[in-house]
Amino acid sequence: MRNRVSARAALRNSAELPRLRTLALLRLAHGHALRKEGSESDRAIGQAWEATADCVAGDGDLAGYCTPEFLRMEAANSWVHLGKPEAAVETLLKALPLWQIEDRRDLGRDLALLAVAQSRTGQADTRWRRPGTRS
C-alpha cells in the first residue's frame, strides 16, 4: 500500500521530469505486482515505457540511471512477483548486453533477478557472456 501511495504522490509532481515519472510508474507497477494485480501492474509498466520516450539524454534530473535497461529490470521484477518468470527471463536476457560498465550495480541486480526467475522456471542457468569477451 505504501508503495502505491508514494508512487501516486510522485506522479502528481513529475510532469516536468519524465525519468521521475517513469520511476514512479515502476514503483506503482511493483506495488500492484506485490498485491497480485497483474493487469494494473502491466498497465503501469506500459505507461512507464511511454514516459521513457519523453526522456532526453543528459536532461539533468536526478533519475539519470532510469535507462531502458533499468526499466526492463524493474518490469521483470514485477513479473517474477506475478508468477511470470518466463517473461522475466526473456526480458532480463535481452537487457544484459545493453548495460554500461558504469551501471555495474544494476547489472549485478539484473543477474540476481535472472537467477531468481530462472529458478522459478526450473531452467538450468543460461550461459551468457558480455559481447567482445572470451568464454
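Note that the coordinates shown come from a computational prediction; the quantities given were computed from them, not determined experimentally.

Novice: Could you give me a rundown of the pattern of salt bridges, with the residues and numbers involved?
Specialist: It is possible for side chains bearing opposite charge to pair when their charged atoms get close. Applying the stated rule across the entire model yields five salt bridges. Glu74 is the partner of Arg27 in a salt bridge, and the nearest nitrogen-oxygen pair spans 3.5 Å. Taken together, the residues Arg27 in helix 2 (residues 18-34) and Glu74 in helix 4 (residues 68-81) connect sequence positions 47 residues apart. Among the ionic pairs, Asp42 bridges to Lys84, the shortest N-O distance being 2.9 Å. Here the residue Asp42 occupies a position in helix 3 (residues 38-52), and Lys84 occupies one in the loop between helix 4 and helix 5 (85-95), the gap between them amounting to 42 residues. Asp42 sits in the partly exposed class, given a relative accessible area of 31%. The partly exposed category is assigned to Lys84, whose relative accessible area is 31%. Counted as one network, the salt bridges with shared partners bring together Arg27, Glu74 and Arg109.

Novice: Requested: an account of unusual backbone geometry, with residues and values cited.
Specialist: The backbone of Lys36 sits at a positive phi, close to 60°, despite the residue not being glycine. Positionally, Lys36 belongs in the loop between helix 2 and helix 3.

Novice: Before we move on, could you go through the packing of helix 4 against helix 6 (residues 104-121) and cite the residues and values that matter?
Specialist: Orientation of helix 4 relative to helix 6, taken along the N-to-C sense of each, is 30°, at an axis distance of 10 Å. Between helix 4 and helix 6, the crossing angle belongs to the class labelled roughly parallel. Helix-helix and strand crossings are classified by hand; for helix 4 and helix 6 the assignment is left-handed. On the side of helix 4, the interface is formed by Phe70, Met73, Glu74, Asn77 and Val80, while helix 6 contributes Asp106, Arg109, Asp110, Leu113, Val116, Ala117 and Arg120. Residues that form the contact of helix 4 with helix 6 fall into these classes: six nonpolar, one polar and five charged.

Novice: Describe in detail helix 6, supporting the description with residues and values.
Specialist: Spanning 18 residues, helix 6 covers 25 Å between terminal C-alpha atoms, matching the ideal 26 Å at 1.5 Å per step. Where the residues of helix 6 are buried, they touch helix 4 and helix 5. Within two residues after helix 6, Gly122 carries a phi angle of roughly 85°, on the positive side.

Novice: Account for the environment of Trp99, with residues named and values stated.
Specialist: Take Trp99: it is sitting in the loop between helix 5 and helix 6. Trp99 gets classed as buried once you look at its relative accessible area, which sits at 2%. On a C-alpha basis, the gap between Trp99 and Asp110 in space is 9.4 Å, while along the polypeptide they are 11 residues apart.

What counts and how
Every chain begins its residue count from 1, and numbering advances along the sequence as written. Where totals are concerned, whole chains, interfaces and linings use all residues; where local detail is concerned, this predicted model gives features only for residues with pLDDT of at least 70, and gives and counts side-chain atom pairs only at 80 or more. Excluding hydrogens and water, the side-chain figures rest on all heavy atoms present in the structure. Criterion for a salt bridge: a side-chain nitrogen of Lys or Arg within 4 Å of a carboxyl oxygen of Asp or Glu. Secondary structure follows DSSP: runs of H or I at least 4 residues long count as helices, runs of E at least 2 residues long count as strands, and numbering of each begins at the N terminus. To sort residues, take the accessible area from a 1.4 Å probe on protein chains only and compare it with the maximum for the residue type: under 20% means buried, over 50% means exposed, and anything in between is partly exposed. To get an axis, fit a line to the C-alpha atoms, keeping to the stretch in contact for a helix; angles then go from 0 to 180 degrees between the N-to-C directions. Note on terminology: angles under 35 degrees are roughly parallel, angles over 145 are roughly antiparallel, angles of 65 to 115 are roughly perpendicular, and the others are oblique. For any helix crossing, the convention is left-handed if the near helix is rotated counterclockwise from the far helix by under a right angle, and right-handed if that rotation is clockwise. Two residues qualify as a contact provided that any one of their heavy atoms is within 4.5 Å of a heavy atom in the partner residue. Just so you know the grouping, Ala, Val, Leu, Ile, Met, Phe, Trp, Tyr, Cys and Pro go in nonpolar, Asp, Glu, Lys and Arg go in charged, and all remaining residues, Gly too, go in polar. One fewer than the residue count of a helix, multiplied by 1.5 Å, yields its expected span.

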